[in-house]
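# Per-entry structural report
Next come the chains, spelled out residue by residue.
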Amino acid sequence: MYLNCHSYFSLRYGTISPEKLLAISAEYGFKTMALTDINNTSACLDFVRLSEKYKIKPVLGVDFRNGAEQKFILLARSNKGFYNINNYLSTFLHDASLVIPDCAPQLDDTFVIYPYKQDGSFNLKKHEFLGVKPQDLNKLKFSKQKKDVSKLVVLQSVSFENKKGFNTHRLLRAIDNNTLLSKLSKNEEGLETDVMLSANKLYDVYREFPELIKNTKAILSRCSINFDFSKSTPNNQKSYTKSEELDYKLLERLAYSGLAYRYQNPDDVIFNRIKKELSIIKEKQFVSYFLMNWKILKYARSKNYYYVGRGSGANSIVAYLLRITDVDPVELDLYFERFINLYRKNPPDFDIDFSWTDRDDITQFIFKTFKNTSLLAVYNTFKFKASVRELGKVFGLPKSEIDMLSKGRYNIEALDKLSKLVLVYSEYIQGFPNYLGIHASGIIISEKPIHYYTATFFPPKGFATTHFDMVVAEDIGLYKFDILSQRGLGKIKDTVDIVKYNHPEKEPIDIHDIKGFKTDENIKHILRHAQAIGCFYVESPAMRMLLKKLQVDNYLGLVAASSIIRPGVAKSGMMREYILRYRDPERCKQAHPVLLSIMPETYGVMVYQEDVIKVAHYFGGLTLAEADKLRRGMSGKFRSRDEFLSVKNLFFSNCRQKGEPEHLIEEIWKQIESFAGYAFAKGHSASYAVESYQSLFLKAYFPLEYMVATINNFGGFYSTELYVHEARMHGGIIEAPCVNTSFSETIIIGKHIYLGFMFLHGLEVKTIKKLLLDREEHGAFKSLDNCVERLSISVEQIAILIKINAFRFTGVNKRELLWEAHLKISKTVVQEHVINLFETKRIDYKTPELPSSALEDAFDALELLGFTLCNPFGLLEQTAVQPLRALQLPKFKNRNISIEGYLVTTKNTVTSSGKYMHFGTFLDYDGHFIDTVHFPPVASRYPFRGKGIYTITGKVIEEFDCITIEVVTMEKLAIIQDPRYSDPPPKFITNTNRRIG
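First, a word on what this report is: a plain description of the structure on this page. Keep in mind that what you see is a predicted model, and the values were worked out from it rather than measured. (Residues numbered from 1 in each chain as written. Predicted model: local features only at pLDDT ≥ 70, side-chain atom pairs only at ≥ 80, totals over all residues. Heavy atoms only, no water.)

### Examining unusual backbone geometry
For clarity, the threshold we go by: Secondary structure elements are defined from DSSP: runs of H or I of at least 4 residues count as helices, runs of E of at least 2 residues count as strands, and each element is numbered from the N terminus. Exposure is judged per residue with a 1.4 Å probe applied to protein chains only, and the accessible area is read against the type maximum: over 50% gives exposed, under 20% gives buried, and values in between give partly exposed.
The backbone of Lys-55 shows a phi angle near 55°, a positive value even though the residue is not glycine. Here Lys-55 is to be found in the loop between α2 (44-51) and β3 (57-66). The phi dihedral of Tyr-537 falls on the positive side, at around 70°, and the residue is not glycine. As for its position among the elements, Tyr-537 is in the loop between α20 (521-528) and α21 (541-550). Judged by its relative accessible area of 23%, Tyr-537 is partly exposed.

### Section: the environment of Asp-358
Threshold: The contact criterion used throughout is that any non-hydrogen atoms of two residues lie within 4.5 Å.
Take Asp-358: it is sitting in the loop between β9 (351-355) and α13 (359-369). In this structure, the C-alpha to C-alpha distance between Asp-358 and Asn-304, residues 54 residues apart in sequence, is 9.8 Å. Leaving out residues up to four positions away in the same chain, Asp-358 has contacts with Tyr-305, Tyr-306 and Lys-493.

### Some thoughts on the packing of α21 against helix α22 (residues 555-564)
The criterion, for reference: A fitted line through C-alpha atoms serves as each axis, taken over the contacting stretch for helices, and the angle formed by two N-to-C directions is quoted from 0 to 180°. By definition in this entry, angles of less than 35 degrees are roughly parallel, angles greater than 145 are roughly antiparallel, angles of 65 to 115 are roughly perpendicular, and the rest are oblique. Handedness of each helix crossing follows the sense of rotation of the near helix against the far helix: counterclockwise by less than a right angle gives left-handed, clockwise gives right-handed.
Orientation of α21 relative to α22, taken along the N-to-C sense of each, is 135°, at an axis distance of 11 Å. Judged by the inter-axis angle, α21 sits oblique to α22. Crossing of α21 over α22 shows right-handed handedness. Note on element contacts: α22 touches α21 through Leu-558, Ala-561, Ser-562 and Ile-564, opposite Met-543, Leu-546, Leu-547 and Leu-550.

### Brief notes about the sheet that holds strand β22 (residues 962-972)
Heads up, the rule is: Strands were regarded as paired on the criterion that DSSP finds at least two bridges between them.
The sheet built from 5 strands closes into a barrel, its strands ordered β18-β19-β20-β22-β21 with mixed pairing. With direction set aside, neighbouring strand axes in the sheet form an average angle of 50°. Of the strand pairs in this sheet, strand β21 (residues 949-959) and β22 are connected by 10 bridges, and their pairing is antiparallel. Bridging from a neighbouring strand, Lys-955 pairs with Glu-966 of β22.

### What to know about the pattern of salt bridges
Quick reminder of the rule: For salt bridges, the criterion is a side-chain nitrogen of Lys or Arg within 4 Å of an Asp or Glu carboxyl oxygen.
All chains considered together, the criterion is met by 51 salt bridges. Taking the shortest distance from any N to any O, the salt bridge between Arg-207 and Asp-204 comes out at 3.4 Å. Taking the relative accessible area as the measure of exposure, Arg-207 reaches 55% and is therefore exposed. A salt bridge links Arg-544 to Asp-931; the nearest nitrogen and oxygen atoms lie 2.9 Å apart.

### Side note on the nonpolar core
Selection rule: Within this scheme, the nonpolar core is defined by two criteria: the residues are buried Ala, Val, Leu, Ile, Met, Phe, Trp, Tyr or Cys, and they are joined through side-chain atoms within 4.5 Å.
One finds Leu-558, Ile-798 and Leu-801 to be the most contacted residues of the largest nonpolar core, which totals 119 residues. The leading source of residues in this core is helix α31 (residues 682-701), at 7 residues. The residues contacting Leu-801, other than those within four sequence positions of it, are Val-739, Phe-757, Leu-760, Leu-763, Leu-771, Ile-793, Ala-806 and Phe-807. In terms of nonpolar packing, the next biggest core, distinct from the first, is built from 89 residues, Cys-44, Phe-160, Phe-166 and Tyr-206 among them.

### Section: the packing of helix α36 (residues 795-803) against helix α37 (residues 814-824)
Using the following cut-off: For this scheme, ten residues count as nonpolar: Ala, Val, Leu, Ile, Met, Phe, Trp, Tyr, Cys and Pro. Four count as charged, namely Asp, Glu, Lys and Arg, and the remainder, Gly too, count as polar.
Running from N to C, α36 and α37 point in directions that differ by 170°, and their axes come no closer than 10 Å. Overall, the two elements α36 and α37 adopt an arrangement that is roughly antiparallel. Contacts between α36 and α37 involve Val-795, Ile-798, Ala-799, Ile-802 and Lys-803 from the former and Lys-814, Leu-817, Leu-818, Ala-821 and His-822 from the latter. For the contact of α36 with α37, the per-class residue count stands at 7 nonpolar, 1 polar and 2 charged.

### Thoughts on the packing of aromatic side chains
Defined as follows: In summary, the pairing rule links any two rings of Phe, Tyr or Trp, Trp by its six-membered ring, whose centres are within 6.5 Å, and it sorts them by plane angle into stacked for under 30 degrees, edge-to-face for over 60 and tilted for everything else.
All told, the structure shown has 48 aromatic pairs when counted by the stated rule. Between Tyr-88 and Phe-92, the aromatic rings sit 5.0 Å apart at their centres with planes inclined by 90°, giving edge-to-face as the arrangement. Taken together, the positions of Tyr-88 and Phe-92, both in helix α3 (residues 79-94) and 4 residues apart, correspond to about one turn of that helix. Accessibility assignment for this pair places Tyr-88 and Phe-92 in one class, buried.

### Description of the pairing of strand β18 (residues 896-910)
Bridge analysis of β18 against β21 gives 7 bridges, and the strand direction is antiparallel. The residue bridging Ile-899 from the neighbouring strand is Ile-952, located in β21. One ladder, built from 8 bridges, connects β18 with strand β19 (residues 916-923); its direction is antiparallel. Paired with Val-910 across the bridge in β19 is Tyr-916. The hairpin formed by β18 and β19 contains 5 residues between the paired strands, and Gly-914 there has a positive phi angle of roughly 90°.

### Topic: the pairing of strand β6 (residues 128-132)
Counting buried residues in β6 gives 5 out of 5 residues, a clear majority hidden from the surface. Because side chains alternate across β6, one face comprises the buried residues Glu-128, Leu-130 and Val-132, and the other comprises Phe-129 and Gly-131, equally buried. As judged from the 4 bridges shared by strand β5 (residues 110-115) and β6, these two strands associate in the parallel manner. Directly across from Pro-115, in β6, lies its bridge partner Gly-131. Examined bridge by bridge, β6 and strand β7 (residues 152-154) share 3 bridges and lie parallel to one another. Of the residues in β7, the one forming a bridge with Gly-131 is Val-153.

In structure tokens:
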């Protein structure tokens, strides 16, 4: 009976979830219902999937509107009609300049419902109708159309559930229109009566025109939509070669031809593994998926793009042979069933990482190569704090009060009515979809046109994007291609290029020689001593300390470390147990014999997703199908933990039947449960470890070049400052930008590292381009005058270059250069420089002697780069007084000490009691790391007060050869007054101009 129902995917308009709409309809006894969200199809497939649960026949359509003004509703009579509607809607969503017209186009297999107009100006076609709202009934009584109601239908819109829903709707409309609620136009609102009425009430409203009810039922009865949610058959592009038979032959040929590249002497284990995998891939109809990934990565290699195939796809030897991954599943004993098995209904996916500089080109290639391609959407929802701010503005609250509410600094009893309403409705709309975004990596390639399933919009990224998210895509059997980007690969690629120009005499680097890297003694040394700053996944303070505790120096150890650092293992207490068993093999005897037999490699400790599945299967007696449910529940990707919880009772009952002690069952289940949302597949960790080894090799043999690449790729875990410091610790000579030597990116010449222009705050991109282009065409700049004459840039831009000492080659003091620049550069609009036959000599003003100091250089660098190029300890108001250094701390175990440290980074965490505590990372006077722990009482009493140098007092603790300080007190030390604004200038503390950058 309802032709015009809106869910909250009628963004910033509707206020009911799709499932709630179905629940209300079922409660009122309706058997058919049409979902027609405003210019949106996000909820359509979920609506169809859920309709079976509520025993309601679903009808799909779209309410076409310009803003809030309804033009017409299109209903799909069939899947073909839905495809046509999606096609039509997408034309407007791809081009914002288009306006929805008054009249709908002729689309096959659709019905059109126009809002009722008394003048009867419509010349309605066979499939077109007028929708009469309850408020239109009085007009209808006095209209000519009363005599022929065959084209009239019921149009009781449904946008909210009740009065609160209507109030929420008005707030959403005010947010959408960026206006105060009191100024919201009625034209921008729906009607308070746009709610679902029971059948009896609806019939009573239209009792004088029963034909309208009959017509509405007739339309709904002629509509039928059907989608298959069984996932029994994938809906991705079915064949790569246009023939599934040829696809399989190609996959088989590629797999066996890849043997020579991967294995010197393949044995029966490898051949049997290939045969088994090919058989399952064929049976599960995933052949084309492998081939399309192969095609994408073949293109990537042709462009010399570096990539890493990771995730559970690394469990496949076929993927290894096709060079989709670089992980040998035989070497690591990775079982293929974790990736694809006969019990698994949901499709698998490969995660492919590219450099952030290459990913857009790969995406472009995919769209050009495969016909039915689209990016996946994500639903960006209203978050509580952001909603407080939005609603605070809607209610007209002052900024100070909005700030107070959003930060939670209030006494609820003391708040006025409006502030309380802000909080109530912010909580109510929390989780409502706000706008559609783009999934970080997901791309779908469908057998059918994308518009068969959804309309698409065209975000700034420039690629068509679905209205639904990855969960809905999987529900309908569309498994995604994950094309991700990360800066780690950019660092590796750039380092290889930098080594080429800085060491032209050296042989080209084979960055894919992973087997050689695994046995390299220099890499082992770096790992054992945790000297991996800048290296992918192994540089964070937590990972640095873990590597020290484990003294890892081999590939398998690094694979395990990559996984046990995850919150699931740490939370369960098994990270500590793993370390204890790693260091003392005798302790393994305390492990349960079954667990130790299942996981001998990890000493009976669950580390990977596979371990959890094995324990559930062998210890908990779950079938592989049930274990796969457990795996899905752990992944954290899905709607709820229902699948995860559904196997809990079965696990407990099976263990009890076997006679396992209750405390042991509870303990093991607790460990399993702690993995939810955090577990890593072993293949995923192995893939990460491959990239780690590549970066470790470069750090071991080309540390300066690697740091330059790290800086140019905007770092990793740390800020640019620390990577500059790390380069200096490896003998690099750090140079400020120079107009005659530097480029936009940082470069290295020998051991001299020239920071790039792009790191200068305030220096415009157009200035950098102009400078570099002119230097390339006309050679080096001879003086400030020569630069000003050639570039014609503003005094503000030239001042940045002068302040950073980019004209130091002139030998002129930079204060004098600044004086000259302000005298010689016009404050009027700068015009482009025109090359003259003869150079006009500028007036040479006599400038006074204006000495500058190293301290001024330090503060200029701090302003323009965000960090100094000297030792920051030299900026202290008082000379550093603590003689202790980080390397001396092991001599002071279990003793209280004081040491001075320059803050690098902090990590905040919450204890089990809900209190905040911190971990700190500092550099000492010589540039070595100090690690600190700040328990809640200290954390609250001595908070971090931003960047700077602190005196840290606390107890030196050693655990597994890892030194930390349990902080008791902490004081931030004062630095000197900025000499650029002080008179007389302070003195620079001598003998401190060493390592820290």
